[in-house]
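Examination of the molecular architecture
Listed here are the chains, written in short residue letters.
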Amino acid sequence: MIRRFGQCFALATERTTYCFRVMKTGHLEHLYYGRRITVESDADMEALTEKHAFMPGNTNAYDQENIDFSLEDIRLEMSSYGKGDIREPFIEVIHGDGSATSDFLFEKAEIGTGKEAYRTLPGSYDENNGTEHLCVTLRDRQYELRLELHYYVYADCDVITRSARLVNESRETVRLERLMSLQLDFDTPEYIFTTFTGAWAREMRKTDTRVISGRHVNASYTGTSSSRANPFVMLSKADTSEDAGDCYGFNLIYSGNHYEAVEVSGYGKTRFVSGINPQSFSYPVGPGEDFEAPEAVMGYSCAGYNGMSRGMHRFVREHIVRGEWKDKLRPVLLNSWEAAYFDINERRLLQLAEAGREVGIELFVMDDGWFGNRDDDTRSLGDWEVNRGKLPDGLEGLARKVRELGMEFGIWVEPEMVNVKSRLYGTHPDWALQIPGRPHSEGRNQRILDLTRREVQDYIIEEMSKVFSTEGISYVKWDMNRTFTDYYSGALPPERQGEVAHRYVMGLYHCMRELTLRFPHILFEGCSAGGNRFDLGILCYFPQIWASDDTDALCRAEIQTGYSYGYPMSVVGAHVSACPNHQTLRTTPLETRFNVACFGVCGYECDLCDMDEEERDAVKEQIALYKRWRDVLQRGDFYRGRTFARGEGGVPGNITEWTCVSADRGRAVGFLMQKLVQPNTQSGYYMAKGLDPARRYHFYNRRTEDCRACGDTLMYGGVRLKQAFAGEGYNAQARYSPDFASRLYFMQAEDA
Ligand code: DGJ
């Protein structure tokens with residue numbers, strides 16, 4: 001609900017309220033964002049307004065009429081640089097006269113319903129048109145620049161999205177040096193800034209930083225949203241836990257360089273901003289032109305991290321993921337990469353596919369290596385023609401044969417890249433990003449195509465359309481395997497090179513939009529060397545993303561826990577792979593590899609032909625089990641319990657505990673995993689979450705557990721397990737459950 005009371009605005013979701021007002025100077029004072037409060041008039045907001053009685057210290061008066069008012073110590077909805085606010089600005093514009101100072105003041109506000117689509121970027125959407133929209137228009141006090149602040153309220157997800165648009169109504173070109181999407185000011189310096197950082201194969205490490213002074217930045221410079229720093233971040237308090245306390249979650253619907261900063265001012269106020277990374281960004285906006293900032297997402301819960309995550313999950317599932325695959329159950333796939341790498345041919349692939357069929361695989365995916373002379377990663381990217389030496393009957397032939405085995409067929413592509421050793425590079429060397437005269441920095445032996453160029457976008461769309469229209473292709477893995485260097489487009493003049501990174505992302509979105517419209521039946525999976533581009537922008541086109549090349553069950557438990565703070569598990573690609581694991585050389589039980597993977601969109605990525613019969617039977621059983629519970633695991637509500645990062649008492653722990661509950665709360669799956677054997681200890685309990693407290697459930701697993709209890713007992717008392725991790729037989733050979741042992745538990749309401 002969005003309401004205006006005079007100069008005050010109140011936005012409400014089911015459990016949150018967001019308020020701001022127009023001050024007498026015309027600036028927007030942020031008043032409140034948190035748990036739902038009663039706001040029936042502007043008088044109800046009076047208590048929230050700043051009451052400055054005197055000008056502190058050596059701050060600057062805003063102007064002659066307001067000599068007791070400074071912009072330095074006030075919470076603002078947006079701030080610009082140069083009139084007293086010395087914190088992180090929301091916007092920075094270089095005007096035609098060279099000045100970098102702006103001062104945007106309130107002009108008007110409009111309230112409406114429905115979600116408008118962006119012109120250049122993807123955004124959230126609302127099929128039912130129930131979303132309310134507030135557009136506040138500000139105007140610079142001196143220059144003919146209009147700034148629109150947009151707010152969209154997704155009431156049942158407890159999510160509000162924000163974005164901004166700058167319109168140049170003057171007669172001269174201005175340079176936009178920064179336009180954030182979201183700014184949120186708090187009164188106090190008491191926040192923990194949680195970021196999800198890492199690198200290739202160790203994505204989404206949760207890192208908590210207490211910001212009580214200065215500035216802390218989470219940003220990407222890789223050209224992608226990045227495995228180094230995911231755009232999803234949180235602010236919480238020292239006493240926030242998984243299920244209690246204040247938690248704010250923020251994300252950006254953007255796949256390029258992003259920037260999230262928390263700054264505590266000299267007066268103890270905390271500012272958070274999120275948007276396109278201003279580094280190397282400089283965007284001219286000519287007379288009559290506009291610039292759209294990406295949409296930012298914010299959610300709040302007083303029910304801890306899980307409370308906030310639930311809202312985010314629902315929002316992503318309902319208002320980001322779209323298309324034919326939005327609500328469809330995802331097939332169990334077998335991917336050829338870790339089984340064969342580049343060493344593929346039709347015979348080998350069909351052997352693998354046949355082994356897959358035996359155990360219940362539904363979709364067979366041929367990964368890298370099928371085109372041009374692609375025998376290793378040094379060549380052929382850009383030449384999307386099938387290698388007839390490897391696949392004599394072409395893609396059609398292989399697709400047909402796989403489908404005859406009773407499975408769907410899928411394929412891998414990396415459309416944004418080119419190897420120097422390729423026909424494409426030979427013909428169009430200028431289509432790669434490269435700085436004239438400077439030696440190029442290769443990444444995985446490849447270069448990045450210049451997606452700022454229309455002809456390159458067209459090439460990608462047409463080449464990919466040829467591949468995707470092959471009869472029998474129903475899945476595509478869209479990969480992107482390097483970070484950006486050599487930012488320079490030969491198609492843009494020198495003074496416009498600051499546009500390249502953002503124009504690349506817009507070009508990419510154009511290709512993705514066009515191809516997903518042309519091939520709506522295809523299930524697309526995003527990938528960027530694992531999770532180097534795992535973000536809401538990609539999810540607006542592709543309903544799932546390969547989360548990490550690290551398939552080691554121990555690492556994956558942490559990586560998937562990391563993703564779960566901001567993303568539903570239904571978008572997280574997760575595979576069971578061989579041991580010793582190809583990334584860590586660690587050996588974990590096959591059961592645990594499956595137990596971890598089944599909480600994401602589950603698949604297999606190993607040489608099934610190489611497994612002994614016992615292992616293959618185990619895989620067959622796993623897949624059958626997954627199919628029985630897949631609706632709960634893919635569509636249910638996900639809850640974290642203890643995690644390796646935060647165990648009992650809030651200190652690092654030895655157990656990871658997850659629960660996934662069906663929407664009607666009739667069925668649930670629980671998961672416990674131990675890291676290392678702790679001799680002479682017992683980790684003998686499991687605490688369910690999200691059940692209906694009043695319903696009775698049958699709690700059981702394949703081995704030992706079998707009891708009946710009400711949801712409240714399972715959630716608040718927990719289950720003392722018959723088979724604890726340590727101290728008893730896991731199998732005939734071991735006295736203790738081995739390192740990395742795990743279990744699944746099933747809960748079925750008796751009335752369901
Ligand atoms: C990186 C991906 O993350 C892998 O899964 C695989 O598809 C390779 N690229 C193929 O080159």
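Residues numbered from 1 in each chain as written. Predicted model: local features only at pLDDT ≥ 70, side-chain atom pairs only at ≥ 80, totals over all residues. Heavy atoms only, no water.

**Describing the overall build of the chain**
Counting its regular elements, the chain contains 13 helices and 38 strands. Compactness check: the chain gives a C-alpha radius of gyration of 27 Å against a globular reference of 27 Å for 752 residues, within 12% of the reference. In terms of overall dimensions, the chain has a C-alpha envelope of 85 × 70 × 45 Å along the principal axes. For the chain, the proportion of its 752 residues judged to be buried stands at 64%. In the chain, of all internal contacts separated by at least 6 residues, the share reaching a separation of at least 24 is 69%. Looking at the chain as shown, the accessible area adds up to about 26,900 Å², and 47% of this sits on carbon and sulfur atoms. Positive and negative side-chain charges in the chain, numbering 88 and 111 respectively, have mean positions lying 2 Å apart. (Helix = DSSP H or I, 4+ residues; strand = E, 2+ residues; numbered from the N terminus. Rg over C-alpha atoms; globule rule 2.2 N^0.38 Å. Buried < 20%, exposed > 50% of the residue type's maximum accessible area, 1.4 Å probe, protein only. Contact = heavy atoms within 4.5 Å. Areas by Shrake-Rupley, 256 points an atom, 1.4 Å probe, with all protein chains shown as cover. Lys, Arg positive; Asp, Glu negative; His and termini not counted. Charge placed at Lys NZ, Arg CZ, Asp CG, Glu CD.)

**Things to note about the layout of surface pockets**
As a volume, the largest pocket reaches approximately 980 Å³. Arg310, Arg314, Arg317, Asp637 and Tyr639 are, among the 43 residues lining the largest pocket, the residues nearest its centre. Secondary structure elements with two or more residues in the lining of the largest pocket: strand S20 (296-301), helix H2 (304-319), helix H12 (613-635), strand S31 (637-640) and helix H13 (711-717). Examining the composition of the lining of the largest pocket, we find that 8 residues originate from one element, H2, more than from any other. Grouping the amino acids of the lining of the largest pocket by side-chain chemistry returns 18 nonpolar, 8 polar and 17 charged. (1 Å grid on protein atoms, 1.4 Å probe; cavity = no way out; pocket = protein on both sides within 12 Å on 5 of 7 lines; lining within 4 Å. Points joined across faces, edges and corners; volume = space filled by probe spheres on them. Nonpolar A, V, L, I, M, F, W, Y, C, P; charged D, E, K, R; others polar.)

**Structural notes on the site of the ligand**
The environment of the ligand is made up of 13 residues, and the closest members are Asp367, Asp368, Lys477, Asp479 and Asp549. For the ligand, a nitrogen atom lies 3.3 Å from a polar atom in the side chain of Asn481. Here an oxygen atom of the ligand and a side-chain polar atom of Asp549 are 2.5 Å apart. Computed on the free molecule, the ligand has an accessible area of 290 Å², of which 97% lies beneath the protein chains in the complex. Classifying every residue of the shell around the ligand gives 5 nonpolar, 2 polar and 6 charged. (Near = heavy atom within 4 Å. Polar contact = N/O pair within 3.5 Å; in protein donor to acceptor, adjacent residues only side chain to side chain.)

**A closer look at the sheet that holds strand S3 (residues 16-22)**
Spatially, 4 strands are ordered S1-S2-S3-S4 in an open sheet, and the strand pairing comes out antiparallel. Each edge of the open sheet carries a strand with a single partner, namely strand S1 (2-5) and strand S4 (28-35). Between one strand axis and the next, the sheet turns through 15 degrees on average, direction left out of account. Two elements, S3 and S4, share 7 bridges in a ladder whose sense is antiparallel. Of the residues in S4, the one forming a bridge with Cys19 is Tyr32. (Pairing = 2+ DSSP bridges. Axes fitted to C-alpha atoms, helices over the stretch in contact; angles between N-to-C directions.)

**Observations regarding the packing of aromatic side chains**
The final tally for this structure, using the stated rule, is 52 aromatic pairs. Taking the centre distance of 6.0 Å and the plane angle of 85 degrees together, the rings of Tyr305 and Tyr565 count as edge-to-face. One end of the pair, Tyr305, is in helix H2; the other, Tyr565, is in the loop between helix H10 (553-564) and strand S29 (572-577), and 260 residues separate them in sequence. Each member of the pair Tyr305 and Tyr565 is classed as buried. The ring centre of Tyr152 lies 4.5 Å from the NZ or CZ of Lys115, which sits over that ring. In this structure, Arg642 packs its charged tip against the face of Tyr685, placed 3.9 Å from the ring centre. (Phe/Tyr/Trp six-rings, centres within 6.5 Å; stacked < 30°, edge-to-face > 60°. Lys NZ or Arg CZ within 6 Å of the ring centre and 35° of its normal.)

**What about the domain arrangement of the chain?**
Domains assigned within the chain are domain 1 (2-319), domain 2 (333-436 + 452-486 + 516-634) and domain 3 (638-749). Taking only C-alpha atoms into account, the centre of domain 1 sits 40 Å from that of domain 3. With 9 residues of domain 1 in contact, the opposing surface of domain 3 contributes 6 residues. Summed over both partners, the interface of domain 1 with domain 3 comes to about 730 Å²; 36% of that surface belongs to carbon and sulfur atoms. Looking at the side of domain 1 facing domain 3, the largest losses of area belong to Glu242, Asn306 and Arg310, adding up to 51% of the total buried there. Along the contact surface separating domain 1 from domain 3 lie 2 salt bridges. (Domains from an automatic or database assignment. Buried area = accessible area lost by both parts, 1.4 Å probe. Salt bridge = Lys/Arg side-chain N within 4 Å of Asp/Glu carboxyl O.)

**Things to note about the nonpolar core**
Ranked by internal contacts, the top residues of the largest apolar core, which has 192 residues, are Leu147 and Trp370. The residues contacting Leu147, other than those within four sequence positions of it, are Met78, Phe90, Ile91, Phe104, Val136, Thr137, Leu138, Ala164, Arg165, Leu166 and Leu179. With 18 residues, the next largest nonpolar core counts Tyr686, Tyr697, Leu714 and Val719 among its residues. (Core = buried A, V, L, I, M, F, W, Y, C linked by side-chain atoms within 4.5 Å.)

**Regarding the sheet that holds S29**
Strand order in the closed barrel made by the 8 strands is S21-S22-S23-S26-S27-S28-S29-S30, with parallel pairing throughout. Adjacent strand axes in the sheet meet at a mean angle of 30 degrees, parallel and antiparallel pairs treated alike. One ladder, built from 2 bridges, connects strand S28 (residues 544-546) with S29; its direction is parallel. If you follow Ile545 over to S29, its bridge partner there is Val572. Strand contacts of H10: S28 and S29, with the helix running at about 170 degrees to S29, the strand carrying the most contacts.

**Section: the environment of His95**
Tracing the sequence through the fold places His95 in the loop between strand S5 (91-94) and strand S6 (104-113). Classification of His95 as buried rests on a relative accessible area of 3%. Sequence separation between His95 and Arg175 is 80 residues, and the spatial gap between their C-alpha atoms is 6.7 Å. Within the structure, His95 has its side chain in polar contact with the backbone oxygen of Thr101 (distance 2.9 Å).

**Quick look at the packing of helix H7 (residues 454-468) against helix H8 (residues 500-518)**
Two elements in contact, H7 and H8, have axes separated by 10 Å at closest approach and are oriented at 30 degrees. On the basis of their axis angle, the class for H7 and H8 is roughly parallel. Read as a crossing pair, H7 and H8 show a hand that is right-handed. Along the contact surface, H7 presents Arg454, Gln457, Ile460, Ile461, Glu462, Met464, Ser465 and Phe468, while H8 presents Gly507, His510, Cys511, Glu514, Leu515 and Arg518. (Parallel < 35°, antiparallel > 145°, perpendicular 65-115°, else oblique. Left-handed = near helix turned anticlockwise from the far one by under 90°.)

**Quick notes on a negative patch on the surface**
On the surface, Asp612, Glu613, Glu614 and Asp617 cluster together into a patch of negative charge. Positionally, Asp617 belongs in helix H12. Residue Asp617 is classed as partly exposed on the basis of its relative accessible area of 44%. (Patch = residues over 30% accessible without salt bridge, like charges linked within 9 Å, V, L, I, M, F, W, Y side chains within 5 Å.)

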